[in-house]
Amino acid sequence: MPFIVLVSVVALAGVVGLLLFNTSLQQASFAETRLADKAAALADREETLRMELDDLRDPQRIAREAESMGMVIPPAPAFLKLDGTVVGTPRPATPEDRIRITPRPPAMPADLQPEITVIEVPAKPAGE
């Protein structure tokens, strides 16, 4: 009889232990899934921020914003060396001699520009 009780207690303890172990694994699996979803969302957010940063670093956008603030790119810049000498001829930049940032739109071919025809209609006298 004591042997049967001992085997039953060991078997019951083993079943309870396996049940607790399985529950622990399930909880860890749920936590891992939740963390993986959070990592994926953060990776997506990082990619979005990198794309926004690339847009903000775009030289054309920076040049357009500088131009809208009244800044002008000089046509012939001058450089100051570390020894104090100046390379080039320094002169103030004016809007008239600025370098275009965006190219001019292409000219429309003459074939696509229709002739303008003006027809003058004489005014009728008030009595007619």
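Residues numbered from 1 in each chain as written. Predicted model: local features only at pLDDT ≥ 70, side-chain atom pairs only at ≥ 80, totals over all residues. Heavy atoms only, no water.

Undergrad: What is the right way to look at the overall build of the protein chain in this model?
TA: Tallying secondary structure elements over the protein chain gives two helices and two strands in all. Going from N to C terminus, the protein chain has its helices and strands arranged as α-α-β-β. Rg of the C-alpha trace for the protein chain: 40 Å, well past the compact-globule value of 14 Å for 128 residues, more than 25% over. Across its three principal directions, the C-alpha atoms of the protein chain cover 130 × 80 × 30 Å. Out of the 128 residues in the protein chain, the part that is buried amounts to 2%. Taking as baseline every contact in the protein chain between residues at least 6 positions apart, the subset at least 24 positions apart corresponds to 36%. When the accessible surface of the protein chain is split by element, carbon and sulfur atoms take 65% of a total near 12,000 Å². (Helix = DSSP H or I, 4+ residues; strand = E, 2+ residues; numbered from the N terminus. Rg over C-alpha atoms; globule rule 2.2 N^0.38 Å. Buried < 20%, exposed > 50% of the residue type's maximum accessible area, 1.4 Å probe, protein only. Contact = heavy atoms within 4.5 Å. Areas by Shrake-Rupley, 256 points an atom, 1.4 Å probe, with all protein chains shown as cover.)

Undergrad: Teacher, can you tell me more about the pattern of salt bridges here?
TA: Within the structure shown, the criterion is met by two salt bridges. Linking Arg61 and Glu65 is a salt bridge whose minimum nitrogen-to-oxygen distance equals 2.7 Å. Placement of the pair is Arg61 and Glu65 together in helix H2 (residues 59-68), with a separation of four residues, close to one helical turn. (Salt bridge = Lys/Arg side-chain N within 4 Å of Asp/Glu carboxyl O.)

Undergrad: I keep staring at the environment of Pro59 and nothing clicks. Help me out?
TA: Structurally, Pro59 is set in helix H2. Sequence separation between Pro59 and Pro77 is 18 residues, and the spatial gap between their C-alpha atoms is 18 Å.

Undergrad: In this structure, what is going on with a negative patch on the surface? I would like to understand it.
TA: A cluster of like negative charges, contributed by Asp44, Glu47, Glu52, Asp54, Asp55 and Asp58, occupies part of the molecular surface. Among the structural elements, Asp58 can be located in the loop between helix H1 (2-56) and H2. (Patch = residues over 30% accessible without salt bridge, like charges linked within 9 Å, V, L, I, M, F, W, Y side chains within 5 Å. Lys, Arg positive; Asp, Glu negative; His and termini not counted. Charge placed at Lys NZ, Arg CZ, Asp CG, Glu CD.)

Undergrad: Can you help me understand the confidence of the model for the protein chain in this one?
TA: Low pLDDT marks stretches whose predicted atomic positions should not be read closely. Per-residue confidence for the protein chain gives a mean pLDDT of 87, with 98% of residues at or over 70. Per-residue pLDDT, averaged within each element of the protein chain, yields its smallest value for H2 (86) and its largest for H1 (93). (pLDDT = per-residue confidence, 0-100.)

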